[in-house]
Amino acid sequence: MIPHGSHSSRIVPILGLALVLAGALMSCGRGADTPPASTRAAADTTAPAPAPAPTPAPPPPRELTWSGNVDMTLWSPGREGL
């Protein structure tokens, strides 16, 4: 004879797993670029978005200068002579 609690203890995890898999399959079936139907209907009635502003020009390159000051306090004695 099967104990009464064994059926319900197996059904609950299986039902939970089935619900999770069903939700995952529903979300995988829809394209990532396609909004849900509820938001798609609202988006059809709105005006198109304005074009993005052009990107500003990059700044001109800076002229690099060297002061001639090099910190040699952590250099090894053999390297200082190079």
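Residues numbered from 1 in each chain as written. Predicted model: local features only at pLDDT ≥ 70, side-chain atom pairs only at ≥ 80, totals over all residues. Heavy atoms only, no water.

Time to look at the overall build of the protein. Secondary structure summary: the protein contains three helices and zero strands in total. Listed by position from the N terminus, the elements making up the protein come as α-α-α. Expressed as a percentage of the 82 residues in the protein, the buried residues total 1%. As presented, the protein carries roughly 8100 Å² of accessible surface, and 68% of it is formed by carbon and sulfur atoms. (Helix = DSSP H or I, 4+ residues; strand = E, 2+ residues; numbered from the N terminus. Buried < 20%, exposed > 50% of the residue type's maximum accessible area, 1.4 Å probe, protein only. Areas by Shrake-Rupley, 256 points an atom, 1.4 Å probe, with all protein chains shown as cover.)

A few words now on the confidence of the model for the protein. For any part of a model where pLDDT is low, the fine detail of the predicted coordinates should not be relied upon. Confidence in the prediction of the protein, expressed as mean pLDDT, is 76, and 66% of residues score 70 or more. No element of the protein has a lower mean pLDDT than helix α2 (residues 37-44), which averages 57, and none a higher one than helix α1 (residues 5-29), which averages 80. (pLDDT = per-residue confidence, 0-100.)

With that out of the way, let us pick up a nonpolar patch on the surface. On the surface, a nonpolar cluster with roughly 450 Å² of combined accessible area is contributed by Trp66, Val70, Met72 and Trp75. Of note, Trp66 is situated in the loop between α2 and α3 (77-80). (Patch = residues over 30% accessible without salt bridge, like charges linked within 9 Å, V, L, I, M, F, W, Y side chains within 5 Å. Salt bridge = Lys/Arg side-chain N within 4 Å of Asp/Glu carboxyl O.)

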